[in-house]
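Survey of secondary and tertiary structure
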Amino acid sequence: MIKFVSLLLVLASIADAFQFMKNWKMPTYDPNQEAIADRFGDKKLVVLTGTSSGLGRKTALALLNTGEYHVIGAVRDLDKMEAVAEVDGFDMNNFTPMYCEMNSFDSVCKFCDNVLKFALTKPIDRLMCNAGVYQPSLPYAKWSVDGHEQTMQINFLSHFLMISKLMPSLMQSKDARVVMVGSVTGNDNTVGGGGVYPVADLHELEGFEKGFTKPVAMADGYGFIGAKAYKDSKLSLMMMANFLHTKYYKLTGVSFASMYPGCIAESPLFREKRAWFRKYFPLFMKTITGGFVGEHEAGQRLFQLAHDPRCAKSGVYWSWNGGPREGRGVEALEKGGQISGGGGAGGGWDSIYENDQSAKVLDIDTQLKLFETATQITGADWPDIKQVVSPCPTLKVITAVTKGMVKREELKRMREMGRPGLEQEAAVVKISKVKKVVAVTDKIATGVLSNTVGRVARFAGKRVLGEFPEEAVKGSFDATNADAHLASLKEGAALFDEEVAAQLAQDRVVDVEDEALFQQLYEKASDVKVSVTTKTSISA
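The model shown is predicted, which means the values in this text are computed figures rather than measured ones.

Reading guide: rules and limits
- Residues numbered from 1 in each chain as written.
- Predicted model: local features only at pLDDT ≥ 70, side-chain atom pairs only at ≥ 80, totals over all residues.
- Heavy atoms only, no water.
- Salt bridge = Lys/Arg side-chain N within 4 Å of Asp/Glu carboxyl O.
- Helix = DSSP H or I, 4+ residues; strand = E, 2+ residues; numbered from the N terminus.
- Buried < 20%, exposed > 50% of the residue type's maximum accessible area, 1.4 Å probe, protein only.
- Core = buried A, V, L, I, M, F, W, Y, C linked by side-chain atoms within 4.5 Å.
- Contact = heavy atoms within 4.5 Å.
- Pairing = 2+ DSSP bridges.

This part is about the pattern of salt bridges. Throughout the structure, instances matching the rule amount to 14 salt bridges. One salt bridge in this structure joins Arg 301 and Glu 297, with 3.2 Å as the shortest N-O distance. Of this pair, Arg 301 and Glu 297 both sit in helix H11 (residues 295-307), four residues apart, which is roughly one turn of that helix. Like Glu 297, Arg 301 is buried. Taken together, the salt bridges that share partners define one network made up of Arg 126, Asp 175 and Arg 177.

Following this line, the structure appears as structure tokens:
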């Protein structure tokens, strides 16, 4: 038992030692290699939503101007995108607009399929979730093609679905980043987020739990308020960046972050506000709060998250300190030209910083519920990531055997020790016929493994590594007839199957819990048998 525990400790201690191998791939021939080189060269591949206006438009231009990126722009109006690209001078050799209606899950899925077809086998390096709508004046909810409140679907749910669809490609990139455009309004530890009603709050996500279909218009299940729908969607994006960081970053290397570029008061985002608001709000942000940021500067900030090596850090909410402005010159000089607090204009490349996130954004329980309910609403299919393990065949065999030993020991504990406190102490523990079968097969499997695996491993090692040196075989060395032990292994497995079939044929009452335990043991024993036989045949 001590040796068994020691083996487990050794395996556990080296589990993380192979993380650096997660991006290793076996040499393969890629028939798309030449086509990829012709289409993309050595450029990184970026997917950017909302490319035809505002923040997305300026970000796309900044990316293209470097000559280091090929940008796929997700837009719902291709004609408008064509006109914008011509006016702004987009490098059309490195820009590919694609139709995507964020108001429809089906359209999002088709867009992702088109992206993957266009990329051939080239990994996606950046996914910039920027597209959004803001409808604060609506007295009632508008509904998407799928029957969901459209602000939440366009801003959050469709991006959530898009990330899930593109994750396998992102996982193949050496420096993949997913960036979600958040907002100060989703972070209620600030005046802009917590001091202006309505405040972003998902509460218990009752609306999402009920399916979030008409007439349910809010994530929390209560009455619709246009401004709150927008704030809740931004809160959801920021929370999901944190959750996906926790779930996937260490196992895949894909970075997840959110950002607040500042208040783009002249952005088309405010196109549904009244005329007087669109006229005076930018003046208010420029002269009173100092939070105004132009579209060009905001685009530079989102571009920085795609380009700056410092921004590969995952699990961060990025913001920028504003530069000096009228009325705060002295304070700005005292702080080396920087105004503390996210959002102000004038902050340069180095004014970026990791902003604090509110308790709501960091609430892991609500993050998990948000992930689960959004998965149900969108039908997202997330990749099942497994721990990276050593490619060494010997360690694979050891791992398989160890798992089988753990299962047997756990079964033994459950069988012999019962469940104190859950079962009456005076009661006799009932051992069904199925459990007796498990006990018999446990002995058979244990005997077979203990008497053969070590010797078979030595046999396989001999075939792979060659004969032992003459000096090594002198003395106490005893050459073992491995073929005989392989036959013993097959005989034991046959006995295993025979005993199981005979006992189950007599047992008409199936204990569900025992049956599950038996099935696990049976499958593990079969896996070990197949694994050892396969390794030996390969060696031969």
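Turning next to the nonpolar core. The biggest cluster of nonpolar side chains holds 62 residues, and the ones touching the most others in it are Phe 111, Phe 156, Ile 163, Phe 208 and Leu 244. Of the residues forming this core, the biggest block, 11 residues, is contributed by helix H6 (residues 150-170). When near neighbours in sequence (up to four residues on either side) are disregarded, Leu 244 contacts Ile 163, Met 180, Tyr 249, Phe 256, Phe 371 and Trp 382. Tyr 69, Val 293, Leu 305 and Cys 311 belong to the second-largest nonpolar core, a separate cluster that totals 32 residues.

Of all five residues in strand S5 (residues 177-181), five are buried; the element is thus mostly enclosed. Of the two faces of S5, both are covered, the one formed by Arg 177, Val 179 and Val 181 as well as the one formed by Val 178 and Met 180. Where strand S4 (residues 126-129) meets S5, four bridges bridge the pair, whose relative direction is parallel. For Cys 129, the partnering residue across the bridge sits in S5 and is Met 180. Pairing analysis gives five bridges linking S5 to strand S6 (residues 255-259), with the strands arranged parallel. Across the sheet, the residue bridging to Met 180 is Ser 258, located in S6.

Another point: unusual backbone geometry. For the peptide bond that leads from Lys 214 to Pro 215, omega is 15°, which places it in the cis range. By the element assignment, Pro 215 lies in the loop between helix H8 (206-209) and helix H9 (226-252). Non-glycine residue Leu 120 carries a positive phi angle of around 60°. Tracing the sequence through the fold places Leu 120 in the loop between helix H5 (105-119) and S4. The backbone of His 203 sits at a positive phi, close to 50°, despite the residue not being glycine. Positionally, His 203 belongs in the loop between helix H7 (191-194) and H8. Taking relative accessible area as the criterion, His 203 reaches 41% and is therefore assigned partly exposed.

None of the figures reported here should be taken as evidence of function without further support.
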